[in-house]
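Remarks on the overall topology
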Amino acid sequence: MTIASRIKAPWKEIGKPPTKKSAALIAQAIVAKGLSVRDAERLAQQKKAKRFKTARLPREKDADTRAPERDLTAKLGLKAEISFDGKAA
């Protein structure tokens, strides 16, 4: 059982700035569940990591990338894909 599964209701507001009410609810839940300081810190880190994980939309390829892909696909008869990680060689 993870720490996050022990405390559910107060953490439903993840993604929103903490309020005095939500902080009080979280504190009450920590005390009620008997979590140690380390458990509470671990829980906060897990929730913080989830809050900042956002799905990034894939960037659409520009015409300068799509054209060579099309040419390679036509000449080779295989699907060709050019990918770029954003770093210059």
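Up top you'll find the structure we're talking about.
Notes on the structure in this doc start here. Bear in mind that the values here come from a model prediction, so they are computed numbers and not experimental data.

The rules behind the values
Residues numbered from 1 in each chain as written. Predicted model: local features only at pLDDT ≥ 70, side-chain atom pairs only at ≥ 80, totals over all residues. Heavy atoms only, no water. 1 Å grid on protein atoms, 1.4 Å probe; cavity = no way out; pocket = protein on both sides within 12 Å on 5 of 7 lines; lining within 4 Å. Points joined across faces, edges and corners; volume = space filled by probe spheres on them. Nonpolar A, V, L, I, M, F, W, Y, C, P; charged D, E, K, R; others polar. Helix = DSSP H or I, 4+ residues; strand = E, 2+ residues; numbered from the N terminus. Expected span 1.5 Å × (residues − 1). Buried < 20%, exposed > 50% of the residue type's maximum accessible area, 1.4 Å probe, protein only. Arc of directions from axis to C-beta.

Some remarks on the layout of surface pockets
When its volume is computed, the largest pocket comes out at roughly 280 Å³. In terms of lining residues, the largest pocket is bounded by R59, E60, K61, D62, T65, I82, S83, F84, D85 and G86. For the lining of the largest pocket, the per-class residue count stands at 2 nonpolar, 3 polar and 5 charged.

Side note on helix α4 (residues 63–76)
Across its 14 residues, α4 extends 20 Å between first and last C-alpha, which sits within 8% of the 20 Å expected from 1.5 Å per residue. Just beyond α4, the residue with positive phi is G77, at close to 80 degrees.

A few points about helix α2 (residues 20–33)
With 14 residues, α2 extends 20 Å between its outermost C-alpha atoms, agreeing within 8% with the 20 Å of an ideal straight helix rising 1.5 Å per residue. Those residues of α2 not exposed but buried are S22, I26, A29 and I30. Buried residues of α2, viewed axially, fall in a sector of 100 degrees; they line one side. Turned more than 90 degrees away from the buried face of α2 sit K20, K21, Q28, V31 and A32, all of them exposed. Downstream of α2 by one or two residues, G34 has phi in the positive range, about 70 degrees.

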